[in-house]
Amino acid sequence: MKGKNLPTAGILALLTFCILFACKDEQRTELSAAYDSTKPVVLASFSPMEGGARDKILLDGNNFGTDLSKIKVYFNNAKASVVSSSGNRIYAIVPRLPGENPKISVVVGEDSVSYTETFTYRTQAQVTTVTGTGDQDFLAGSLDQAHVYGKYLELDAEGNLFMSWRDGGSWGVARINEQQNIVTGLIEAKTTGERVLYANGLTVDRETGVLTASHESVPEVFFSFDPREAWYPRQRNAQFSQAEYNSIVWADRYANFVTFSPYDGHLYTRFRDGKVARINPETYEATIVHQGPYGSQYGQGINPAKPWELYITLHSNASPTEFRQGIMMLDLRPEHIDKGFKRLNAPGGSGFRDGPLEEAIFNYPKDIKFDNDGNLFVADYGNHCIRMVSPDGVVSTVAGQPGSAGYKDGGPVESQFKNPWGIAVNEQGNIYIADWGNARIRKLVIE
């Protein structure tokens with residue numbers, strides 16, 4: 001009986017065929033992985049369907065290509081990090097705070113497509129105490145021993161947190177550094193006779209690190225603190241023309257805030273009589289660029305995503321009355337500034353309502369600051385909570401119990417504040433709060 005095995009030469013031929021076929025198939029796979037601009041990008045599904053910031057997600061489809069420089073993934077307007085692409089599967093990382101039920105979009109070259117189903121984003125938040133013992137005065141020292149009674153906050157790019165205070169029998173500006181475990185005074189006065197700076201809002205040019213504070217009672221006086229000089233305080237006098245200086249109503253000369261705008265590299269301040277001034281931070285030449293509504297002010301900030309937008313919060317003494325207890329925006333671009341301040345939230349302060357910004361109500365909103373993604377955070381003083389306005393204009397409560405004052409660390413539901421006043425946001429999006437009623441500095445990590 002003849003053997004049934006194939007001859008050796010036949011086996012070799014078969015193996016050669018299989019290897020060549022496999023190689024050609026692999027080549028076809030590699031070729032098909034490249035993005036073809038003549039064909040559409042097709043989406044199939046994504047997994048998981050829900051999650052939070054920094055979670056992994058797999059996006060399936062066709063014609064993605066493998067060139068990561070040409071692939072972009074968005075959750076609403078928040079850009080995700082793309083780790084890899086095989087051509088038919090993208091591996092990405094969920095971005096921070098994309099908004100509620102974000103739509104996932106894939107952009108390859110000139111093609112932009114979106115999945116029909118939305119992603120369920122799970123927000124996670126945690127409130128901790130950075131420093132402060134509840135004593136309503138100021139005492140420098142380690143974080144666990146220091147006393148803070150701060151009203152306004154600001155951060156530089158290096159993680160230094162700056163605090164102004166004006167209660168508890170003293171006035172000043174301090175630096176707080178978590179890594180160094182220290183609270184130090186930069187300028188301090190314990191009597192009105194010693195006081196040379198009556199500071200409220202603070203601002204930092206994050207390119208140079210220079211901190212600036214306005215002296216609220218004298219319209220031309222500001223103080224700068226340069227890190228290259230160990231933040232030694234230097235008085236800087238704004239140079240107005242005599243006519244513009246005389247136009248500032250003396251009884252309403254208070255300039256509670258100053259804000260640096262990366263849009264044009266200038267400082268902006270506002271007086272209680274409604275005048276807005278632009279100041280060159282090098283020469284301190286000053287010009288009044290707008291006359292807006294009258295009223296005391298409790299917050300001011302620039303949107304880094306749109307650095308020509310100046311935001312303020314006005315008190316209940318604002319006039320006309322439609323500006324009271326509102327969040328306002330002034331477009332600083334020359335072709336828009338004459339249109340004036342625009343109220344963004346609903347009238348009817350001293351209340352609470354989340355939802356679309358045009359329907360939202362706050363209760364004595366104090367300081368306001370943005371993160372780098374364009375989310376606006378509001379210290380809602382009268383509601384004892386921290387509110388967030390997303391870039392698409394939706395207001396949500398991210399920490400604290402609306403209408404319930406107290407002191408408690410923890411998650412967004414159980415955490416409590418008492419009259420939060422100042423707020424600042426660092427490069428990572430962590431939020432620092434001057435919890436004025438509790439005489440503590442709190443930290444909110446939200447993602």
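About the criteria used
- Residues numbered from 1 in each chain as written.
- Predicted model: local features only at pLDDT ≥ 70, side-chain atom pairs only at ≥ 80, totals over all residues.
- Heavy atoms only, no water.
- Pairing = 2+ DSSP bridges.
- Helix = DSSP H or I, 4+ residues; strand = E, 2+ residues; numbered from the N terminus.
- Core = buried A, V, L, I, M, F, W, Y, C linked by side-chain atoms within 4.5 Å.
- Buried < 20%, exposed > 50% of the residue type's maximum accessible area, 1.4 Å probe, protein only.
- Contact = heavy atoms within 4.5 Å.
- Axes fitted to C-alpha atoms, helices over the stretch in contact; angles between N-to-C directions.
- Polar contact = N/O pair within 3.5 Å; in protein donor to acceptor, adjacent residues only side chain to side chain.
- Salt bridge = Lys/Arg side-chain N within 4 Å of Asp/Glu carboxyl O.

With that settled, the discussion passes to the sheet that holds strand S25 (residues 327-331). As summarised here, the arrangement of the 4 strands in space is S23-S24-S25-S26, forming an open sheet in which the pairing is antiparallel. In this open sheet, the two edge strands, each paired with only one partner strand, are strand S23 (297-303) and strand S26 (342-343). Note: S25 against S26, 2 bridges, orientation antiparallel. The residue of S26 that forms the bridge with Met329 is Lys342.

Proteins that are soluble and globular tend to have nonpolar side chains buried together. Within the largest apolar cluster, 19 residues are counted, with the highest numbers of intra-cluster contacts made by Ile57, Leu59 and Ile104. Residues contacting Ile104, with those up to four places away along its chain left out, are Phe46, Ile57, Leu59, Val73, Tyr74, Phe75, Val113, Ser114, Tyr115 and Phe119. Counting 17 residues, the second largest nonpolar core, distinct from the first, contains Leu143, Val148, Val183 and Ala434.

To continue, consider the sheet that holds strand S21 (residues 275-279). Adjacent strands of a sheet pair through backbone hydrogen bonds, lying either parallel or antiparallel. If you trace the 4 strands from one edge of the open sheet to the other, you get S19-S20-S21-S22, paired in antiparallel fashion. The open sheet has two edge strands with one neighbour each: strand S19 (258-261) and strand S22 (286-291). Sheet twist, expressed as the mean angle between neighbouring strand axes with direction ignored, is 30 degrees. One ladder, built from 5 bridges, connects S21 with S22; its direction is antiparallel.

The subject of this paragraph is the environment of Asp67. Within the secondary structure, Asp67 sits in the loop between strand S3 (56-65) and strand S4 (71-75). Remark: the alpha-carbon pair of Asp67 and Ile386, spanning 319 residues in sequence, is separated by 41 Å. At a separation of 2.6 Å, a polar atom in the side chain of Asp67 contacts the side chain of Ser69.

Take unusual backbone geometry next. The omega torsion across Ser47 and Pro48 is 0 degrees, close enough to zero to call that bond cis. Here Pro48 shows up in the loop between strand S1 (42-47) and strand S2 (50-51). The linkage connecting Ser319 with the following residue, Pro320, adopts the cis geometry, with an omega of 5 degrees. Here Pro320 is to be found in the loop between strand S24 (306-314) and S25. One non-glycine residue, Arg54, adopts positive backbone phi at about 70 degrees. Structurally, Arg54 is set in the loop between S2 and S3.

The subject of this paragraph is the pairing of strand S7 (residues 104-108). Burial runs high along S7: 5 of the 5 residues are buried. Of the strand pairs in this sheet, S7 and strand S8 (residues 111-114) are connected by 4 bridges, and their pairing is antiparallel. Of the residues in S8, the one forming a bridge with Val108 is Asp111. In this antiparallel pair of consecutive strands, S7 and S8, the connection spans 2 residues, and Gly109 shows a positive phi of 60 degrees.

This part is about the environment of Gly382. Mapping Gly382 onto the fold places it in the loop between strand S29 (376-380) and strand S30 (385-389). Taking the C-alpha atoms as reference, Gly382 lies 9.1 Å from Ala405; in sequence the two are 23 residues apart. Residues in contact with Gly382, not counting those within four places in the same chain, are Asn363 and Tyr364.

A word on the pattern of salt bridges. Under the definition given, this model contains 19 salt bridges. Measuring nitrogen to oxygen at the nearest pair gives 3.5 Å for the salt bridge that ties Glu178 to Lys443. A residue pair is termed long-range when its members are at least 10 positions apart, and Glu178 in the loop between strand S13 (171-177) and strand S14 (182-189) and Lys443 in strand S34 (residues 440-446) qualify at 265 residues. Judged by its relative accessible area of 33%, Glu178 is partly exposed.

All quantities given are derived from atomic positions and should not be read as evidence of function.
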